Amino acid sequence: MADLERTFVAVKPDGVQRGLVGEVISRFERRGLKLVGLKLLNVTPALAEKHYGEHKGKPFYEGLVSFITSGPVVAMVWEGRNAISLCRNVIGATNPASAAPGTIRGDLAVEIGRNLVHGSDGPESAVREVSIFFHDGELVQGWKRETDTWICE
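Residues numbered from 1 in each chain as written. Predicted model: local features only at pLDDT ≥ 70, side-chain atom pairs only at ≥ 80, totals over all residues. Heavy atoms only, no water.

What follows is about the nonpolar core. By size, the foremost hydrophobic cluster in this structure holds 20 residues, and its most contacted members are Phe28, Met76, Trp78 and Ile104. Secondary structure elements with two or more residues in this core: strand E1 (4–11), helix H2 (21–31), strand E3 (73–81), helix H5 (83–91) and helix H6 (104–108). Here the element with the most residues in this core is H5; it accounts for 5 residues. Setting aside chain neighbours within four positions, we find Met76 in contact with Thr7, Phe8, Val9, Val11, Val24, Ile25, Leu35, Gly37, Leu38 and Phe134. Residues Val36, Ala48, Tyr61 and Val73 belong to the second largest nonpolar core, which totals 19 residues. (Core = buried A, V, L, I, M, F, W, Y, C linked by side-chain atoms within 4.5 Å. Buried < 20%, exposed > 50% of the residue type's maximum accessible area, 1.4 Å probe, protein only. Helix = DSSP H or I, 4+ residues; strand = E, 2+ residues; numbered from the N terminus. Contact = heavy atoms within 4.5 Å.)

Printed below as a string of structure tokens:
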């Protein structure tokens, strides 16, 4: 498939604490995306710095690091045709007050600081974020679902 992409999505500590991991996974699966990587982990300050490094020095940086390290995170890699934009659409706008109904943030979140999920915003960030959270051999390669032919031509 020409438009086959992989993208990174994380259920942040607020989503894990609220028991929404299954709901989040279900929304991506129902959309037709394929899960190729999944792990529950505690984000260390060093890992948080790699992930949020582009924001270092900004007023909100310390808060980002503090929050992402405050509890377990579920890190995932999703694959599919146009996976990056599809995941962003399923997640919804960064500010839940602006997120459309039917999106994760529009249905389940209230404010930016507790917006439940993170998703890569483009091809470069997807590659970078997948490599931060997953090492060689941790992603399932080339598995076929029987439903794939019913999702894409």
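Right, picking up where we left off after that structure.
Another aspect to go through is the packing of H2 against H5. Helices that pack against each other are described as a pair by the angle of their axes relative to one another and the distance between those axes. The contact between H2 and H5 brings their axes to 10 Å, and the two run at 130 degrees. Between H2 and H5, the interaxial angle falls into the category oblique. With respect to the hand of their crossing, H2 and H5 are arranged in right-handed fashion. Within the contact between the two elements, H2 uses Arg27, Phe28 and Arg31 and H5 uses Leu86, Cys87, Asn89, Val90 and Ile91. Looking at the contact of H2 with H5 residue by residue, the classes come out as 5 nonpolar, 1 polar and 2 charged. (Axes fitted to C-alpha atoms, helices over the stretch in contact; angles between N-to-C directions. Parallel < 35°, antiparallel > 145°, perpendicular 65-115°, else oblique. Left-handed = near helix turned anticlockwise from the far one by under 90°. Nonpolar A, V, L, I, M, F, W, Y, C, P; charged D, E, K, R; others polar.)

Those residues of H5 lying buried are Ala83, Ile84, Leu86, Cys87, Val90 and Ile91. Here the buried residues of H5 occupy an arc of 165 degrees about the axis, which is enough to place them on one side. Contacts from the buried residues of H5 go to E1, H2, E3, H6, strand E4 (117–119) and helix H7 (123–133). (Arc of directions from axis to C-beta.)

Throughout the structure, instances matching the rule amount to 2 aromatic pairs. Both rings, one in Phe8 and one in Phe133, keep their centres 4.6 Å apart while their planes meet at 20 degrees; by these two values the pair is stacked. One end of the pair, Phe8, is in strand E1; the other, Phe133, is in helix H7, and 125 residues separate them in sequence. Accessibility expressed as a relative area gives 0% for Phe8, which makes it buried. If you follow Lys34 out to its NZ or CZ, it ends over the ring of Trp143, 5.2 Å from the centre. The lysine or arginine in question, Lys39, covers the ring of Phe134, its NZ or CZ lying 4.8 Å from the ring centre. (Phe/Tyr/Trp six-rings, centres within 6.5 Å; stacked < 30°, edge-to-face > 60°. Lys NZ or Arg CZ within 6 Å of the ring centre and 35° of its normal.)

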